[in-house]
Amino acid sequence: MGPRIGGISLAIKDPRWVGAWWLGFLIAAGAVALAAIPYFLFPKEMSKEKRELQFRRKVLAVTDSPARKGKDSPSKQSPGESTKKQDGLVQIAPNLTVIRFIKVFPRVLLQTLRHPIFLLVVLSQVCLSSMAAGMATFLPKFLERQFSITASYANLLIGCLSFPSVIVGIVVGGVLVKRLHLGPVGCGALCLLGMLLCLFFSLPLFFIGCSSHQIAGITHQTSAHPGLELFPSCMEACSCPSDGFNPVCDPSTRVEYITPCHAGCSSRVVRDALDKSQVFYTNCSCVAEGNPVLAGSCDSTCSHLVVPFLLLVSLGSALACLTHTPSFMLILRGVKKEDKTLAVGIQFMFLRILAWMPSPVIHGSAIDTTCVHWALSCGRRAVCRYYNNDLLRNRFIGLQFFFKTGSVICFALVLAVLRQQDKEARTKESRSSPAVEQQLLVSGPGKKPEDSRV
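These numbers come from a predicted model, not from an experiment. Residue positions are given per chain, counting from 1 as you read along its sequence in written order. Predicted model: local features are reported for residues with pLDDT of at least 70 only, side-chain atom pairs are reported and counted for 80 or more only, and whole-chain, interface and lining totals are derived from all residues. Hydrogens and waters are ignored; side-chain quantities use all the structure's heavy atoms.

### Details of the overall build of the protein chain
Scanning the protein chain from N- to C-terminus turns up 13 helices and 10 strands. Counting across all 454 residues of the protein chain, residues that qualify as buried make up 33%. Nonlocal contacts in the protein chain, meaning residues at least 24 apart in sequence, comprise 69% of its contacts between residues at least 6 apart. In short, Shrake-Rupley with a 1.4 Å probe defines the accessible areas, and a residue's cover is counted only from the protein chains shown. Just so you have it, the protein chain exposes about 27,900 Å², and 63% of that area is on carbon and sulfur atoms. Numbering goes from the N terminus for both helices and strands, where a helix is a DSSP run of H or I of at least four residues and a strand is a run of E of at least two. Each residue is placed in one exposure class: buried if its accessible area under a 1.4 Å probe, protein chains only, is under 20% of its type's maximum, exposed if it is over 50%, and partly exposed if it falls in between. Should any heavy atoms of two residues lie within 4.5 Å, those residues are considered in contact.

Rendered as structure tokens:
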């Protein structure tokens, strides 16, 4: 039996039902607090890193000694060696102040963004993160509106299907990289293959969904008289409030009314059952044949499609997450050793700025354009009561498809650049091989060339 609040019986499926939405946040916050306890047990400095830093300081002291300076004067050093030495000094300097870091950061940022592999992989991850941000923010609401299910059931399905598939995708991607010993070209091919399959399994999502049911005065007119306003004229004498919302459903015709007043009902009957109570409204002048209407929105005729829909979403998420480990390896292998730490920081900075911040706004704006009836508060739009389900599905899935297509294009360019670089490296190696062989012949069988490394 639904609880009675202010004399109104509310059930879980009632659109006005809120529930204990804060309880999940308390449980999640408690779990995070427990998981953070081991971090307080770490030492102030890791012993291995401390020994390594002391060793680097000794090496730096030796290289900067007066005897060393006299032996290797700046005039004898090549520009490349001096540049490498300066870069090394920047990396191992233990007392780099914030002001010095701010001065160095723009130069290092531009230098990192000049790497085409790094830039393309980060742009691809921005597309994937935009897709993930939109799904994480609006997928529960989309399932609730599209398939007429409760918010708790939608979140339960997402937690049982989508999140485990993401974990499986990340783990499988890492296993494939390790087992197959994938190089940069192999990682790029794996990323492209995963995103192409993800894009392929996203196509059926455009056709799995429910159309909007008939709503009196919004999507279905109960009278054919011209000049009608938002609601039919049969309830004009009732003086129904324009901002009221207490939906009722006519089970015989599957027509929904915003309030019992808009259905022209004058009586209310509560029928108690073993497990729940049902509220009916009778004497409804706007309902065909004066049938009683049931409190609550009309149930969807295709609620059973929510599981196949979410299975396809979960499969696409797993295939997209296959790219997590190989794309990260491409970033680490695509930049210099001394720039890897900063490159990872720049990567996450772009993901936050270009994906996780604007993506929910873009998805929310697209969803708002599919609203067909807004609730007003102080003359302004407050909350959307009804959506055009077909338009909602096409625009929400269309945005997801757009970001996936962008990721596919970026990974295709990454693979093309990697193959071009691999081809150039092989050409350079083949050109240098005859010179090495000629040097071996001139030096004789008993002599080794001074430098035979390519």
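### Considering the sheet that holds strand β6 (residues 267-272)
Read across the open sheet, the six strands follow the order β3-β5-β4-β8-β7-β6; overall the sheet is mixed. The sheet is open, and its two edges are formed by β3 (214-215) and β6, each paired on a single side. Two strands are counted as paired when DSSP detects at least two bridges linking them. Summarising the sheet, strand β4 (residues 248-250) and strand β8 (residues 293-295) pair through two bridges and their orientation is antiparallel. Bridging across to β8, Cys249 finds its partner in Leu294.

### Concerning helix α8 (residues 184-202)
Between its first and last C-alpha, α8 extends 27 Å over 19 residues, near the 27 Å set by a 1.5 Å rise per residue. Along α8, the residues that are buried comprise Cys187, Gly188, Leu190, Cys191, Leu192, Gly194, Met195, Cys198, Leu199 and Ser202. Expected span of a helix: the number of residues minus one, times 1.5 Å.

### Structural notes on the pattern of salt bridges
Salt bridges are defined as contacts in which a side-chain nitrogen from Lys or Arg sits within 4 Å of a carboxyl oxygen from Asp or Glu. Here the structure, examined in full by the defined rule, presents two salt bridges. Residue Arg393 is joined to Asp390 by a salt bridge in which the shortest nitrogen-to-oxygen separation is 3.0 Å. Here Asp390 and Arg393 lie together in helix α13 (residues 389-443), a separation of three residues that amounts to about one turn. With a relative accessible area of 27%, Asp390 lands in the partly exposed category.

### A word on the nonpolar core
Here, nonpolar core refers to any group of buried Ala, Val, Leu, Ile, Met, Phe, Trp, Tyr and Cys residues whose side-chain atoms link them within 4.5 Å. Ranked by size, the top nonpolar core spans 26 residues in total, and within it Leu139, Leu143, Phe309 and Phe396 carry the most contacts. Every element with two or more residues in this core is listed here: α6 (116-147), α7 (151-179), α9 (306-321), β10 (380-387) and α13. At six residues, the largest contribution of residues to this core is made by α6. Not counting residues up to four positions away in its chain, the partners in contact with Leu143 are Ser148, Ile149, Ala154, Ile158, Val306, Phe309 and Leu310. Counting residues in each nonpolar core, the second largest holds 21 residues, with Val121, Leu182, Phe350 and Ala355 among its members.

### Section: the UniProt feature "transmembrane region" (unreviewed entry) in the protein chain
With numbering matched to this structure, UniProt assigns "transmembrane region" (unreviewed entry) to residues 20-42, 117-139, 151-177, 189-209, 305-332, 353-376 and 396-418. Secondary structure content for residues 20-42 is 61% helix and 0% strand, and the end C-alpha separation is 37 Å. UniProt positions are given in the numbering used here, feature names are shortened, and annotations may be inferred rather than shown by experiment.

### Notes on the packing of α8 against helix α10 (residues 324-334)
Running from N to C, α8 and α10 cross one another at 145°; their axes reach a closest spacing of 9 Å. α10 is crossed by α8, and the crossing has left-handed handedness. Residue-level contacts link Pro184, Cys187, Gly188, Leu190 and Cys191 of α8 to Pro326, Ser327, Met329, Leu330 and Arg333 of α10. Taken together, the residues of the contact of α8 with α10 break down into seven nonpolar, two polar and one charged. Angles here are taken between N-to-C directions and fall from 0 to 180 degrees, while the axes themselves are lines fitted to C-alpha atoms, restricted in helices to the stretch in contact. Handedness of a crossing is defined here by the sense of rotation of the near helix relative to the far one, left-handed for an anticlockwise turn of less than a right angle and right-handed for a clockwise turn. Put simply, Ala, Val, Leu, Ile, Met, Phe, Trp, Tyr, Cys and Pro go in the nonpolar bin, Asp, Glu, Lys and Arg in the charged bin, and everything else, Gly too, in the polar bin.

### What to know about the state of the cysteines
Throughout, a disulfide means two cysteine sulfur atoms within 2.5 Å of one another. Using the criterion set out here, one finds four disulfides in the structure. A sulfur-sulfur separation of 1.5 Å characterises the disulfide bridge that pairs Cys210 with Cys302. Of this pair, Cys210 sits in the loop between α8 and β3 while Cys302 sits in the loop between β8 and α9; the two residues are 92 residues apart in sequence, bridging distant segments of the chain. What makes Cys302 buried here is its relative accessible area of 9%. Between Cys265 and Cys284 runs a disulfide, and the two sulfur atoms are separated by 1.9 Å. Taking the torsion about the S-S bond as the criterion, the Cys265 to Cys284 disulfide, at about 100°, is right-handed.

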